[in-house]
Amino acid sequence: MHNPFQTDADMMDSDEAAELLVEVEKPEAGLELHVGSNIFRATNGVVKLQGKEQVVLEIQTDPPALLLTMDLYDEQGQRIGHLRRNQLSAAGSSRFAVCVTAPADPTLDDPLTVTVSERATGHTVIEVYLFQRRKIRFTNAHFHTHKGEVVSISPHYCRIGTSLTMFGDVVEGRGGTAAIG
């Protein structure tokens, strides 16, 4: 039966249609951050807590390294230290320690880990590691925001103070920041 609304220009054979349906694999863009059981996809590596950029994660390709930049605050919201690309500022070096673990000849496929801990107690402030070349997991964290609220991250949740607990959320970052709180 002839359809009067269809013209010959709209028609194509099945071989042409099959070629059009083949998708080209697109490279994954940005960093994927796993914060507790929450996933922030396609981010620029910046984590904004309560409206302020507090954590920045970068992947260096040559030599392969996971780089952490972070402001450290106390319970009153006073800045007590600064970490820039895995190096502590003079103010924070007496209070905090940084441990970077990587194999002898690292590649981006190796687990690269950065851990910041308190020197006096040995408690972990934050621990992050790189996996699958562009994914970064926060394995454990316990620190304060610029407002003095406690941020707790475990494998199961991310909590800020007593007002916000996130678990199981998936957020598309579209190249921007991972905003929490």
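Quick caveat: nothing in here was measured; it's all calculated off a predicted structure.

Go over the overall build of the protein chain, please, and point to the residues and values.
Each helix and strand counted, the protein chain has two helices and 16 strands in total. In the protein chain, 42% of the contacts between residues at least 6 apart in sequence involve partners at least 24 apart. Only carbon and sulfur atoms are counted for the fraction: they give 51% of the accessible area of the protein chain, which is about 10800 Å².

Account for the nonpolar core, with residues named and values stated.
With 34 residues, the main nonpolar core has Leu33, Leu57, Leu68, Ile126, Phe138 and Ile180 as its most contacted residues. Ignoring sequence-local partners within four residues, the contact set of Ile126 consists of Leu68, Met70, Val114, Thr115, Val116, Phe138, Asn140, Ala141 and Phe143.

Quick rundown of the pairing of strand β6 (residues 79-84)? Include the residues and the values.
Here four bridges tie strand β5 (residues 64-73) to β6, and the two strands are oriented antiparallel to one another. Bridge pairing in β6 places Leu72 opposite Gly81. Linking β5 back to β6 in an antiparallel pair, the connection comprises five residues, with Gly77 at a positive phi of about 85°. Turn length for the β6-strand β7 (residues 87-88) hairpin, with the two strands adjacent in sequence and antiparallel, is two residues, and the turn residue Arg85 shows positive phi of about 50°.

Talk me through the environment of Thr43; I want residue IDs and the actual numbers.
By the element assignment, Thr43 lies in strand β2 (residues 38-43). Along the sequence, Thr43 and Arg174 sit 131 residues apart, while their C-alpha atoms lie 6.3 Å from each other. Apart from residues lying up to four places away in sequence, Thr43 is in contact with Gly30, Leu31, Leu33, Gly173, Gly175, Gly176 and Ala178.

How would you explain the environment of Cys158 if you had to name every residue and give the values?
Residue placement: Cys158 occurs in strand β13 (residues 158-160). By relative accessible area, Cys158 is classed as buried at 1%. A sequence separation of ten residues divides Cys158 from Gly168, and the C-alpha atoms of the two residues are 9.7 Å apart. Discounting residues that sit within four places of it in the chain, Cys158 has contacts with Val35, Asn38, Ser152, Ile153, Leu164, Thr165, Met166 and Ile180.

Give me the pattern of salt bridges: which residues, what numbers.
This model, assessed by the stated rule, comprises six salt bridges. Here Arg85 and Glu58 are joined by a salt bridge, their closest N and O atoms 2.7 Å apart. Taken together, the positions of Arg85 in the loop between β6 and β7 and Glu58 in strand β4 (residues 52-61) put the pair 27 residues apart, joining distant regions of the chain. Arg85 gets classed as partly exposed once you look at its relative accessible area, which sits at 39%. In this structure Glu58 comes out as partly exposed when scored by relative accessible area, which is 23%. Among the ionic pairs, Asp109 bridges to Arg133, the shortest N-O distance being 3.1 Å.

Help me get a handle on the packing of aromatic side chains, residues and values and all.
The full count for this structure, using the stated rule, is one aromatic pair. Considering the side-chain rings of Tyr129 and Phe131, the 5.6 Å spacing of their centres and the 45° angle between planes classify their relative orientation as tilted. On the basis of relative accessibility, which here comes to 18%, the residue Phe131 falls in the buried class. A cation over a ring is seen here: Arg159 above Tyr157, with NZ or CZ 4.5 Å from the ring centre.

How would you explain unusual backbone geometry if you had to name every residue and give the values?
For the bond running from Asp62 to Pro63, omega is -10°, close enough to zero to count as cis. For Pro63, the location among the structural elements is in the loop between β4 and β5. The phi angle at Arg174 is positive, at roughly 50°, despite the residue not being glycine. For Arg174, the location among the structural elements is in the loop between β15 (170-172) and β16 (178-180). Under the relative-accessibility criterion, Arg174 is labelled exposed at 79%.

Calculation rules
Residues numbered from 1 in each chain as written. Predicted model: local features only at pLDDT ≥ 70, side-chain atom pairs only at ≥ 80, totals over all residues. Heavy atoms only, no water. Helix = DSSP H or I, 4+ residues; strand = E, 2+ residues; numbered from the N terminus. Contact = heavy atoms within 4.5 Å. Areas by Shrake-Rupley, 256 points an atom, 1.4 Å probe, with all protein chains shown as cover. Core = buried A, V, L, I, M, F, W, Y, C linked by side-chain atoms within 4.5 Å. Buried < 20%, exposed > 50% of the residue type's maximum accessible area, 1.4 Å probe, protein only. Pairing = 2+ DSSP bridges. Salt bridge = Lys/Arg side-chain N within 4 Å of Asp/Glu carboxyl O. Phe/Tyr/Trp six-rings, centres within 6.5 Å; stacked < 30°, edge-to-face > 60°. Lys NZ or Arg CZ within 6 Å of the ring centre and 35° of its normal.

None of the figures reported here should be taken as evidence of function without further support.
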